[in-house]
Amino acid sequence: MPTLSSGAAPAGPPAGRPRGDLVWGVRVPAMPQPGQSTVYVPSFETPAPVQPAPPAPRTPGLRASPPRNAELLPPIGAEDESVAALESEPYVPDRGLPVQQAPPVAGAPSGYRSLPEGEAMCRKALARLGAQFSEAGSVRSSNACGVPYALKVHTAARGIAMQPPATLNCRTALAVARWLDEDVRSAARWRLLKNPTGLINASSYRCSRIAGSRTVSEHAGGNALDVAGFRFSDGSTVRVEPKGFFRFRERGFQNSVRQASCRHFGTVLGPGYNRAHDDHFHLDLKARMRPVCK
């Protein structure tokens, strides 16, 4: 192999090879003329560019499924609000705010078969979980409050009634049904040895703002549900409230369903967050960088 000495020009190529040829992938320069100095800088051959693999052929009729709860992801750059500015509105039971139907719009869908694809798929998933609901149409109380394709939910999940019925958008109704079916049912059997038969609805759709701010509440879009308690097959009721030491079974059940709800909702507020939420869980699907569970 050619050797280099400090301050001297490199040796020429091995015998039998012309100057300037490739030796072991390195371009060897021609020897300098007498009295001429040079610096030896190896020049490596540039590899051929790698051609990207052709895209896999698409099968007609198949569509990639989005990850579960992908609709909960917030836009890039979204900032978390301070906890103090969250859903801190005082608890007001649903007073039966009169529902006003928006005037019909030309070309707007009116029947089940003409719903947008996402709304129709949501209703099918909701029906598979045993929920019973009716179409409430386009609900609107003001320019800032309304639900384009509202549902009146009578049975929240299989065997669990919504008492009284709740007006929600379909995504929120589906999140409630999954929470009840996957978490509340099992927690009731494990902690209380009972089967849940009812969810007590404290408030669903209502036109309101977050207390102390000009921000419209998630309730105003049918995107939130306040849960005041649960009913069971033996006729008993467990209310959402601070639990004392001797009510360890109810406390364990309440803590379990509260923690599990953070997997399904963007905001979970309840007893201990502030006095306004000591008698109910506030659950909503507001998009956040991270779920808020307080």
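See the structure shown above.
Predicted model only: the values in this text are computed from it and were never measured. (Residues numbered from 1 in each chain as written. Predicted model: local features only at pLDDT ≥ 70, side-chain atom pairs only at ≥ 80, totals over all residues. Heavy atoms only, no water.)

Asker: What am I meant to see in helix α3 (residues 248-261) here?
Answerer: Think of an α-helix as turning once every 3.6 residues; residues three or four places apart then point the same way. For α3, which comprises 14 residues, the first-to-last C-alpha distance of 20 Å matches the rise-based estimate of 20 Å (1.5 Å per residue) to within 8%. What α3 keeps buried is the set Gly252, Phe253, Gln254, Val257, Arg258, Ala260 and Ser261. Buried residues along α3 sit against α2 (170-192), β7 (224-232), β8 (237-239), β9 (267-269) and β10 (281-284). (Helix = DSSP H or I, 4+ residues; strand = E, 2+ residues; numbered from the N terminus. Expected span 1.5 Å × (residues − 1). Buried < 20%, exposed > 50% of the residue type's maximum accessible area, 1.4 Å probe, protein only. Contact = heavy atoms within 4.5 Å.)

Asker: Would you mind showing me how to read the environment of Asp234 here?
Answerer: Counting through the fold element by element, Asp234 comes out in the loop between β7 and β8. Between the C-alpha atom of Asp234 and that of Pro196, which follows or precedes it by 38 residues, the distance is 9.1 Å. Looking at Asp234, its side chain comes within polar contact range of the side chain of Lys194, at 3.4 Å. (Polar contact = N/O pair within 3.5 Å; in protein donor to acceptor, adjacent residues only side chain to side chain.)

Asker: Quick question: what am I supposed to make of the pattern of salt bridges here?
Answerer: Using the criterion set out here, one finds 11 salt bridges in the structure. Salt-bridge contacts for Arg123 lead to Glu119; the nearest nitrogen and oxygen are separated by 2.6 Å. Placement of the pair is Arg123 and Glu119 together in helix α1 (residues 117-128), with a separation of 4 residues, close to one helical turn. Judged by its relative accessible area of 22%, Glu119 falls in the partly exposed class. Through salt bridges that share partners, Glu241, Lys243, Arg247 and Glu250 make up one connected network. (Salt bridge = Lys/Arg side-chain N within 4 Å of Asp/Glu carboxyl O.)

Asker: So what exactly am I meant to see when it comes to the packing of aromatic side chains here?
Answerer: Where two aromatic rings form a pair, the distance of their centres and the angle of their planes describe that pair. Evaluated as defined, the whole model comprises 5 aromatic pairs. Seen from their ring centres, Trp179 and Phe265 are 6.2 Å apart, and the 85 degrees between their planes marks the pair as edge-to-face. Residue Trp179 is located in helix α2, and its partner Phe265 is located in the loop between α3 and β9; the two are separated by 86 residues in the primary sequence. The exposure classification of Trp179 matches that of Phe265, with both residues buried. (Phe/Tyr/Trp six-rings, centres within 6.5 Å; stacked < 30°, edge-to-face > 60°.)

Asker: How do you make sense of the state of the cysteines when you look at a structure like this?
Answerer: Throughout this description, disulfide means a covalent bond between two cysteine sulfur atoms. On inspection of all chains with the given rule, the structure shows 3 disulfides. In this model, Cys122 is linked to Cys170 through a disulfide, with the two sulfur atoms separated by 2.1 Å. A torsion of -105 degrees about the S-S bond marks the disulfide between Cys122 and Cys170 as left-handed. Of this pair, Cys122 sits in helix α1 while Cys170 sits in helix α2, and the two are 48 residues apart along the sequence. (Disulfide = S-S within 2.5 Å.)

Asker: In this structure, what is going on with the packing of α1 against α2? I would like to understand it.
Answerer: A pair of packed helices is captured by two measures, namely the crossing angle of their axes and the spacing between those axes. Direction vectors running N to C along α1 and α2 enclose 25 degrees, while the axes themselves pass 10 Å from each other. Comparing their axes, α2 and α1 come out roughly parallel. Considering the relative orientation of α1 and α2, their crossing is left-handed. Of α2, the residues touching α1 (which contributes Glu119, Cys122, Arg123, Ala125 and Leu126) are Cys170, Arg171, Ala173, Leu174 and Ala177. (Axes fitted to C-alpha atoms, helices over the stretch in contact; angles between N-to-C directions. Parallel < 35°, antiparallel > 145°, perpendicular 65-115°, else oblique. Left-handed = near helix turned anticlockwise from the far one by under 90°.)

Asker: Which parts of the structure should I look at to understand the packing of α2 against α3?
Answerer: Two numbers describe how α2 lies on α3: the axes approach to 9 Å, and their chain directions differ by 160 degrees. The angle between α2 and α3 falls in the class roughly antiparallel. As α2 packs across α3, the resulting crossing turns out to be right-handed. Contact residues: Trp179, Asp183, Val184, Ala187, Ala188, Arg191 and Leu192 in α2; Arg249, Glu250, Gly252, Phe253, Ser256, Val257, Ala260 and Ser261 in α3.

Asker: How should unusual backbone geometry be read in this particular structure?
Answerer: In terms of backbone geometry, most residues other than glycine have negative phi values and most peptide bonds are trans. In this chain, Gln163 is followed by Pro164 through a cis amide linkage whose omega measures -10 degrees. Tracing the chain through its elements places Pro164 in strand β5 (residues 160-168). Notably, Leu193 is not glycine yet its phi reads approximately 60 degrees, a positive angle. One can find Leu193 in the loop between α2 and β6 (196-203). Judged by relative accessible area, which is 67%, Leu193 ranks as exposed.

Asker: Before we go on, may I ask you to explain the environment of Ser233 in this structure?
Answerer: With respect to the secondary-structure elements, Ser233 resides in the loop between β7 and β8. The spacing of Ser233 and Gly198 is 35 residues in sequence and 8.7 Å in space, taken between C-alpha atoms. Those residues in contact with Ser233 that sit more than four places away from it in its chain are Asn195 and Thr197.

Asker: Hey, could you run me through the side chain of His219 in this one?
Answerer: As for its placement among the helices and strands, His219 is situated in the loop between β6 and β7. On the basis of relative accessibility, which here comes to 0%, the residue His219 falls in the buried class.

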